[in-house]
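Secondary and tertiary structure notes
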Amino acid sequence: MNTFEFVPAHSVAEAGELLTANEAPAKIFAGGTDLLGEIKQGVAHPARLVSLQSIAALRGIALGDDGARIGAMTTIAEIAAHPQIRTRYTALAEAADSVATPQIRNTGTLGGNLCQRPRCWYYRSPMFDCRKKGGARCFAHDGANKFHAIFDGAICPAVHPSDTAVALTALDAQVATESADGARLLSMQDFFAAPGVDVTSENALRPDEILTAVIIPPTTTNLRSVYLKAKERQAMDFALASVALAVEIADDTIISARIALGGVAPVPYRAHSAESAMLSKGISDIDAEHIGRLAVEGATPLTDNAYKVRLASSLVSRAVRTLLSSE
Ligand SMILES: Cc1cc2nc3c(=O)[nH]c(=O)nc-3n(C[C@H](O)[C@H](O)[C@H](O)COP(=O)(O)OP(=O)(O)OC[C@H]3O[C@@H](n4cnc5c(N)ncnc54)[C@H](O)[C@@H]3O)c2cc1C
Ligand code: SF4
């Protein structure tokens, strides 16, 4: 492991300054559960870690009439256990519950979960200088790609590993950031960046920009949401495929529907045509199998991952049945 200095920041502004104070590469340290792995694996080489752990303003969950605000340093375990998150934003609580192990959920933070790096085994090995590390080629295209993307993988088919990102996309959340240039509020779609934008990054954060909070719009009594995740092992594991579905139902009619898929694309994938097929339909008119098929329309699987098409389709159908049959 290379040596690095560990510097606690006491405010977001100070963290931004520490990140860009000198030429040497610096990284934000939240819980460290992903970053320390990258350093040990020899794929990240920061000279400085800027810790956010002393910044109290980045912690906590606040719910009000204007929705929910979750600080970036709030742990995954706190989100999973929060009674109002569980009832109002069920998909998020279920996604948080599905992350890793209790130890990682107790240490890992929401900001770190959204900014974690992909798990592609070529990326995680210092032996492969792939596109994501600035190299010229993708080793997964002609190599082992069982866990890779079935959508939008032409440049880099590494999938985004975050469970909470998928739930937050379905819940129409926004990401709040701060840097020397000021504060920004980004939709999940604008926060996550497809490989075509910059293959070496998965999000739109600038070098001194810090994710400070996630904002979720207010719920109505009509909102129902669910998160389902398929894993290779029932113990701790990343998603082979996952789905978050959020619907609003009034007078037995679907008045809004958002479907996000995880484990199938470099960023959380919105199944727009499946959403449209649900809109303005009566609950009894919805064909869950049809919605599942629509959700995977246009998939382009690689040599080893065609199984994901059927898997993702089945998960969507199951999510539809789960929500439309619940009280
Ligand atoms: C064995 C194992 C299993 C796992 N399983 C799952 C799983 O099933 N599902 C899942 O979703 N995740 C899983 N993870 C990932 C885990 O959830 C994340 O590692 C954790 O949530 C990251 O949070 P952290 O606070 O530890 O981030 P860190 O490791 O501290 O940071 C991760 C990255 O985000 C950046 N970063 C952190 N916070 C901010 C911020 N506020 N602003 C800007 N950049 C920031 C860091 O610089 C770093 O690049 C697993 C990890 C391990 C080690
Ligand atoms: S899928 Fe992406 S991260 Fe993996 S080898 Fe290809 S370019 Fe690298």
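Residues numbered from 1 in each chain as written. Chains lettered and ligands numbered in written order. Predicted model: local features only at pLDDT ≥ 70, side-chain atom pairs only at ≥ 80, totals over all residues. Heavy atoms only, no water.

Secondary structure assignment for the protein yields 12 helices and 12 strands. In terms of overall dimensions, the protein has a C-alpha envelope of 60 × 50 × 35 Å along the principal axes. Here the protein, with 327 residues, has 52% of them falling under the buried criterion. For the protein, restricting intrachain contacts to residue pairs at least 6 apart in sequence, the fraction spanning at least 24 positions comes to 63%. When the accessible area of the protein is evaluated, it comes to approximately 14,300 Å², of which 52% is carbon and sulfur surface. The average position of the 30 basic charges and that of the 35 acidic charges among the side chains of the protein differ by 6 Å. (Helix = DSSP H or I, 4+ residues; strand = E, 2+ residues; numbered from the N terminus. Buried < 20%, exposed > 50% of the residue type's maximum accessible area, 1.4 Å probe, protein only. Contact = heavy atoms within 4.5 Å. Areas by Shrake-Rupley, 256 points an atom, 1.4 Å probe, with all protein chains shown as cover. Lys, Arg positive; Asp, Glu negative; His and termini not counted. Charge placed at Lys NZ, Arg CZ, Asp CG, Glu CD.)

Right, let's talk about the environment of Glu94 for a bit. Note that Glu94 resides in helix H5 (residues 90-97). For Glu94 and Ser225, which are 131 residues apart along the polypeptide, the C-alpha to C-alpha distance reads 9.6 Å. Those residues in contact with Glu94 that lie beyond four places of it in its chain are Val226 and Tyr227. Separated by 2.8 Å, the side chain of Glu94 and the backbone nitrogen of Tyr227 make a polar contact. (Polar contact = N/O pair within 3.5 Å; in protein donor to acceptor, adjacent residues only side chain to side chain.)

Turning to the site of ligand 2, a few remarks are in order. Every one of the 13 residues lining ligand 2 counts as a neighbour, but Cys120, Cys130, Cys138, Cys156 and Pro157 are closest to it. Partitioning the shell around ligand 2 into residue classes produces 10 nonpolar, 1 polar and 2 charged. (Near = heavy atom within 4 Å. Nonpolar A, V, L, I, M, F, W, Y, C, P; charged D, E, K, R; others polar.)

Turning our eyes to something else, we now look at the domain arrangement of the protein. Assigned domains of the protein: these are domain 1 (56-115 + 159-216) and domain 2 (223-325). A C-alpha centroid distance of 21 Å is found between domain 1 and domain 2. At the interface, 25 residues of domain 1 touch 25 residues of domain 2. Together domain 1 and domain 2 conceal approximately 1,900 Å² of surface at their shared face, both sides included; 66% is due to carbon and sulfur atoms. (Domains from an automatic or database assignment. Buried area = accessible area lost by both parts, 1.4 Å probe.)

When their charged atoms lie close together, side chains carrying opposite charge are able to pair. A full pass over the atoms with the stated rule returns 14 salt bridges. Here Lys229 ties to Asp163 by a salt bridge, and the two come within 2.7 Å at their closest N and O atoms. Taken together, the residues Lys229 in strand S9 (residues 223-230) and Asp163 in helix H8 (residues 163-170) connect sequence positions 66 residues apart. Each of the two residues, Lys229 as well as Asp163, counts as buried. Across the pair Glu289 and Arg321 runs a salt bridge, and its minimum N-O distance is 2.4 Å. Linking Glu289 in helix H11 (residues 288-295) with Arg321 in helix H12 (residues 307-325), this pair joins segments that are 32 residues apart in sequence. On the accessibility criterion, Glu289 (37% relative accessible area) is partly exposed. With relative accessibility at 40%, the residue Arg321 sits in the partly exposed group. (Salt bridge = Lys/Arg side-chain N within 4 Å of Asp/Glu carboxyl O.)

What the 4 strands build is an open sheet, ordered S9-S10-S11-S12; its pairing is antiparallel. For this open sheet the edge positions go to S9 and strand S12 (269-270), each flanked by a neighbour on one side alone. In this sheet, S12 lies alongside strand S11 (residues 253-262) in antiparallel orientation, the contact comprising 2 bridges. Across the sheet, Leu261 pairs through a bridge with Tyr269, a residue of S12. (Pairing = 2+ DSSP bridges.)

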